[in-house]
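Summary of structural features
Single-letter residue listing:
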Amino acid sequence: MEILASLVTAFADLFSLFGLEVFVGGMLSGIMYSLVAIGFVLVYKSSGVFNFAQGTMLLFAALTFVSLTERQVNFWVAFAITCVVMVIIGLIIERTVMRPLANQDLLSLFMATVGVNYFLEGLAQGTWDSAVHGVELGIPTDPVFVSEVIPWLDILVSKFDGFAAAVALGMVVGLYLFFQYTRTGLSLRAVSDDHMASQAVGIPLAKIWAIVWAVTGIICFIAGLIWADRLSVSFTLTWAVLKGLPVILIGGLTSIPGCLVGGLIIGASEKIGEIFFADVFGGQGIEHWWAYLTALVFILIRPTGIFGERDIERI
Amino acid sequence: MSNTPVLAVNNIEAVYGGAILALRGVSLTVNKGEVVSLLGANGAGKTTTLKACSRLLGAERGEVTKGVIELNGEDISKLNAFDIVKQGVVQVLEGRHIFSHLNVEENLLTGSFIKNMSRAEVRRSLDYVYELFPRIKSRIKTPGGLCSGGEQQMIAVGRALMAKPSLILLDEPSMGLAPQFIEQIFEIVKRLNEEEGVSFLVSEQNAMVALRYATVGYVIENGRVVKRGSSKELLESTDVAEMYLGGGKDVSFDEVKYYHRRQPSFV
């Protein structure tokens, strides 16, 4: 009875201006997960592999950037160097790990990325250090009143989240156009659809994968920067990004726009769960598993996610 | 029809996964402008032979362990699948292998990437394919996976044509198709051969149709070529008639038990 009562009050609170504020804020914070999810999807889409090393690549990028700026390297120079480093790392992973394993079982490929994960973790610590670094990108973090723009909407929104959302949206739109309207993009989709057939028509698999891993490297860097600014650079980063997992499960493993939508859903549900329903489930801190629960419920209803490619099969 | 071999396969052996011997002596020649058929039952080695020629064997963990395959007189053992297509040899895979999430036009476009064609050239090639297969023109925006089997085979052939090949390795085009479609596909083969001078190596179980359109045929059994001849010779041969065409003569099943066809070791 008590639980029921608290549920009722929770729902009552939900449909208020405060509820809306939590909802919008949650959606925007979910964008942070979208940033990571994009990298996952890119690799999965083109090779069918879930890249376990994504989080470490992200950490490696952020750590490289921070270490450079701490050594008084100019911001943009450090930015450029890190981009180059990440592209090279992406290419090395493709050349030394993925290519020799092409045509093998996908599980072997996945296990190889687990190996890459630990290798990069060690490399990052060995090259730089394992201390916690702070990053200041100069992105404003103060909240703004939306009512200044939309008079009747009297809620607060973080500028930082707005910035992250703009970056994510830019990446999603860019990648979407790339996949839909360029030759390389079309080749990528072909490869993700059927490795054998794409080789038969002469699509160079190795080149395509090299492109994917290079781009993934850069995406990791951008996501890493924004995450680092919010959390600081340390090993928690590698695990924080695993929240990208429920995001791609909801959005669909093969859909780039799905990352954005999945991120919004996870973010909103996480914050709403934490603020309004935590008491029902026995106290604060439920947001850590709430995201996975949301994903689970989604998968039960739509196994391939919202935008995921459903297997087309003729009967 | 000149007698320069486009493709010469010389006594090759192929192994899957380092252990399973799939081919143990296959030799064949495709001359310029010829339609050659490769006949055999399931598992005889037709697909493996074709994949050895297109260097797609590696993608299935197979490799050619003995013998030489020459393309226009050059050994291809150092080339990869991409190089082969670049040289104008495209394989149309068994079971069609359409990109099921790409629409029909996108499927065709993937075939053109190998040649650095201008937009106008690509357009011309597309129009040519649509002219050959008017049926798929009406389905341009349909995902390949939702097309019928016959349409998919047309897309697969069309996709190969986009690369402007000189030799097409056509792997069991009749598989799972209605007789009407089979006929249509082979009519296109004939037309491309006559109009564009494209050579074909067609693997088939349906010997009747294949021999009607091919000039030369090879019969492959247990990874060996056991017979070679002009289509006419093969159609008249009793072995082939019994094996692939049915009938021929009344078969006494008591005798069949003890009947073994002579398998000449290949010279």
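Below or above, wherever it landed, is the structure these notes cover. Remember, predicted model here, so these are calculated numbers, not experimental data.

**Some words on the overall build of chain B**
Secondary structure summary: chain B contains 11 helices and 10 strands in total. Scored against the burial criterion, the 267 residues of chain B give a buried share of 46%. Relative to all contacts within chain B whose residues are 6 or more apart in sequence, the contacts with residues 24 or more apart total 72%.

**As for the sheet that holds strand 6 (residues 89–92) of chain B**
Residues and elements named next belong to chain B. Judged by pairing direction, the sheet is mixed, and its six strands sit side by side in the order 6-7-8-3-9-10 without closing on themselves. At either end of the open sheet lies a strand with only one pairing partner, and these are strand 6 and strand 10 (224–230). On average, each strand axis in the sheet is tilted by 15° relative to the strand beside it, whichever way the strands run. By the bridge criterion, six bridges tie strand 9 (residues 216–221) to strand 10 in an arrangement that is antiparallel. If you follow Gly217 over to strand 10, its bridge partner there is Gly229.

**Details of the interface of chain B and chain A**
Facing the 27 residues of chain B at the interface are 20 residues of chain A. Secondary structure elements with two or more residues in the side of chain B that touches chain A: helix 2 (81–86), strand 6 and helix 3 (104–112) of chain B. By residue class, the composition of the side of chain B that touches chain A is 15 nonpolar, eight polar and four charged.

**Thoughts on the pairing of strand 3 (residues 35–39) of chain B**
Residue and element names in this part refer to chain B. Among the five residues of strand 3, five are classified as buried, and the element is accordingly described as predominantly covered. Burial of the side chains of strand 3 extends over both faces: Val35, Ser37 and Leu39 are buried on one face and Val36 and Leu38 on the other. In terms of strand pairing, strand 3 meets strand 8 (residues 199–204) through five bridges, oriented parallel. When the bridges of strand 8 are listed, Val36 appears paired with Leu201. Note that strand 3 and strand 9 share four bridges and pair parallel.

**Observations concerning unusual backbone geometry**
All names here are of chain B. For Arg55, which is not glycine, the phi torsion reads 60° and is therefore positive. Tracing the sequence through the fold places Arg55 in the loop between helix 1 (46–54) and strand 4 (62–71). By C-beta crowding, Arg55 is classed as buried, having 25 other C-beta atoms within 10 Å. One non-glycine residue, Asn222, adopts positive backbone phi at about 45°. Turning to its location among the elements, Asn222 is positioned in the loop between strand 9 and strand 10. Residue class for Asn222 comes out partly exposed when judged on the 16 C-beta atoms lying within 10 Å of it.

**Considering the environment of Ala295 of chain A**
Residue and element names in this part refer to chain A. Considering the arrangement of structural elements, one finds Ala295 in helix 13 (residues 287–301). Taking the C-beta count within 10 Å as the criterion, Ala295 has 23 such neighbours and is therefore assigned buried. Distance from Ala295 to Asp154, taken between C-alpha atoms, is 31 Å for residues 141 residues apart in sequence. With sequence-adjacent residues up to four places away left out, Ala295 is seen in contact with Pro246, Leu249 and Ile250.

About the thresholds
- Residues numbered from 1 in each chain as written.
- Chains lettered and ligands numbered in written order.
- Predicted model: local features only at pLDDT ≥ 70, side-chain atom pairs only at ≥ 80, totals over all residues.
- Helix = DSSP H or I, 4+ residues; strand = E, 2+ residues; numbered from the N terminus.
- Buried ≥ 20, exposed ≤ 12 C-beta atoms within 10 Å, placed from the backbone.
- Contact = placed C-beta atoms within 7 Å.
- Pairing = 2+ DSSP bridges.
- Axes fitted to C-alpha atoms, helices over the stretch in contact; angles between N-to-C directions.
- Nonpolar A, V, L, I, M, F, W, Y, C, P; charged D, E, K, R; others polar.

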